[in-house]
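# What the coordinates show
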Amino acid sequence: MAMVTTNESLQERKKRSRRVLGKLRKTYGEVSCALHHQDALQLLVATILSAQSTDKNVNKITPALFEEYKTAEDYANAERSVLEQRIHSTGFFRQKCKFIQGACRIIVEHYGGQVPETMDDLVRLPGVARKTANVVLGTWFGHNEGIVVDTHVGRLAWRMALTWRSKDSKGAVKIETDLMELLPRKDWAYFAHAMIHHGRLVCLARKPKCEQCALAKWCPSAGMFESS
Ligand code: SF4
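Residues numbered from 1 in each chain as written. Predicted model: local features only at pLDDT ≥ 70, side-chain atom pairs only at ≥ 80, totals over all residues. Heavy atoms only, no water.

### Thoughts on the domain arrangement of the protein chain
For clarity, the cut-off: Boundary definitions for the domains trace back to an automatic or database domain assignment. Any two residues having at least one pair of non-hydrogen atoms within 4.5 Å are treated as being in contact. A quick way to say it: buried area is the sum, across both parts, of accessible area lost when two parts are put together, with a 1.4 Å probe. Throughout this description, the term salt bridge denotes a Lys or Arg side-chain nitrogen within 4 Å of a carboxyl oxygen of Asp or Glu.
Each assigned domain of the protein chain is listed with its residue range as follows: domain 1 (10–32 + 147–218) and domain 2 (40–141). Of the residues lining the interface, 11 residues belong to domain 1; the matching set on domain 2 comes to seven residues. For the pair domain 1 and domain 2, the two sides together bury roughly 610 Å², of which 53% comes from carbon and sulfur. Broken down residue by residue, the surface that domain 1 buries against domain 2 is led by Val148, Glu176 and Arg200, which jointly contribute 50%. One can count two salt bridges joining domain 1 with domain 2.

Below, the structure is given as structure tokens:
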């Protein structure tokens, strides 16, 4: 998709993004991470599993998985073929198994079995880039160190012209930097969860429902998809 442009100043864009944030709160109230979890390790594992999969798919297998593997040590010492089989249905299971076991070995060896709480430490774990680290930090630890930019947040930021420096849609870190400049830090985690929710319900990838969209008033792409 070509970059959506507006003539607004940074100040105006900030104002508009805060209106979007307010409307998201009004429309959706409290929304949180859709991945089921009860501790930081479960959230970390579920987030690694969610790559190239859906939260729904991940939520189907995690109750049994979390019952069987309770600690980082359990994952680190697991029989690889057994763990692969447990996570098979989420796709890319060999790679994900390698990431989970690699991350858990480091967690056991360097962090006393506890998931670390800083961006620097988290992104050193295999399979953990800023997106996964932001999910764990924002959702579990309540630290707003960044904004989760997944496929939904990236798509919506583009359509709503809340990112302006990225030349291509793969620039997740650039999109994140733009959003961080626009929004108050305390709202970063909420904003990502609400945008993901909105992307799943209304601003769909193929055919966004602009006519039903509560954010249309502040979206320069509103109505652009009607004939598609
Ligand atoms: S108006 Fe349309 S393109 Fe803009 S956020 Fe809403 S659904 Fe998405």
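### Brief notes about the site of the ligand
Heads up, the rule is: Only heavy atoms are used to decide nearness, and a residue is near a molecule or strand if one of them lies within 4 Å of it. Put simply, the grid is 1 Å and covers the protein atoms alone, a cavity is a trapped set of points that fit a 1.4 Å probe, a pocket is an open set with protein on both sides within 12 Å along at least five of seven lines, and lining residues have an atom within 4 Å of a point. Each molecule is checked against the cavity or pocket grid, and it sits inside if more than half of its atoms lie within 2 Å of the grid points. Residues are grouped as follows: Ala, Val, Leu, Ile, Met, Phe, Trp, Tyr, Cys and Pro are nonpolar; Asp, Glu, Lys and Arg are charged; all remaining types, including Gly, are polar.
Inspection of the region around the ligand gives Arg159, Cys203, Pro208, Cys210, Cys213, Ala216, Cys219, Ser221, Ala222 and Phe225 as its neighbouring residues. Comparing atom positions with the cavity grids shows the ligand to sit within the largest cavity. For the shell around the ligand, the per-class residue count stands at eight nonpolar, one polar and one charged.

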